[in-house]
Amino acid sequence: SRSINRSLSALADVFTALAEKQKHVPYRNSRLTQLLQDSLAGNSKVLLIVTISPLPPHARDTLSALALARRVRSIDLGTARRE
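What this report covers is the structure whose coordinates are included nearby. (Residues numbered from 1 in each chain as written. Predicted model: local features only at pLDDT ≥ 70, side-chain atom pairs only at ≥ 80, totals over all residues. Heavy atoms only, no water.)

When helices and strands are tallied, the chain shows three helices and zero strands. When the helices and strands of the chain are read in sequence order from the N terminus, they spell out α-α-α. Along the first, second and third principal axes, the C-alpha atoms of the chain reach 45 × 25 × 20 Å. For the chain, the residues scored as buried account for 22% of the 83 residues in total. Considering only contacts in the chain between residues 6 or more positions apart, those separated by 24 or more positions represent 50%. Only carbon and sulfur atoms are counted for the fraction: they give 51% of the accessible area of the chain, which is about 6700 Å². (Helix = DSSP H or I, 4+ residues; strand = E, 2+ residues; numbered from the N terminus. Buried < 20%, exposed > 50% of the residue type's maximum accessible area, 1.4 Å probe, protein only. Contact = heavy atoms within 4.5 Å. Areas by Shrake-Rupley, 256 points an atom, 1.4 Å probe, with all protein chains shown as cover.)

Right under this line is the structure:
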């Protein structure tokens, strides 16, 4: 679960960099962001689905997923355009 959390954190970093129109977008920080680079950098709609668990053993992962969702929700990448 640590590598998943690192990948999701890297994805949130990419969203933040895109929203702030930074010169460097850290796509290479994880394999997940490398795979999604074409979709995230283009004129695509992006939907993040977060799954959570009500079970106590999964509380830490659930809280981490909700924190990521809150962070990504606050980012506005603009509107998708048809070409």
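We now examine the pattern of salt bridges. Across all of its chains, the model carries one salt bridge by this definition. D13 is paired through a salt bridge with R71; the nearest N and O atoms lie 2.6 Å apart. With D13 in helix α1 (residues 2-19) and R71 in helix α3 (residues 59-73), the pair connects residues that are 58 residues apart, well separated along the chain. For D13, a relative accessible area of 29% corresponds to the partly exposed category. Residue R71 is classed as partly exposed on the basis of its relative accessible area, which comes to 34%. (Salt bridge = Lys/Arg side-chain N within 4 Å of Asp/Glu carboxyl O.)

Next up on the list: the nonpolar core. One finds L11, A12, V14, F15, A17, L18, V25, Y27, L40, L68, V72 and I75 forming the largest nonpolar core, which totals twelve residues. For this core, the secondary-structure elements that each account for two or more residues are α1 and α3. Considering each element in turn, this core owes the most residues, six residues, to α1. Those residues in contact with A17 that sit more than four places away from it in its chain are Q22, H24, V25 and P26. (Core = buried A, V, L, I, M, F, W, Y, C linked by side-chain atoms within 4.5 Å.)

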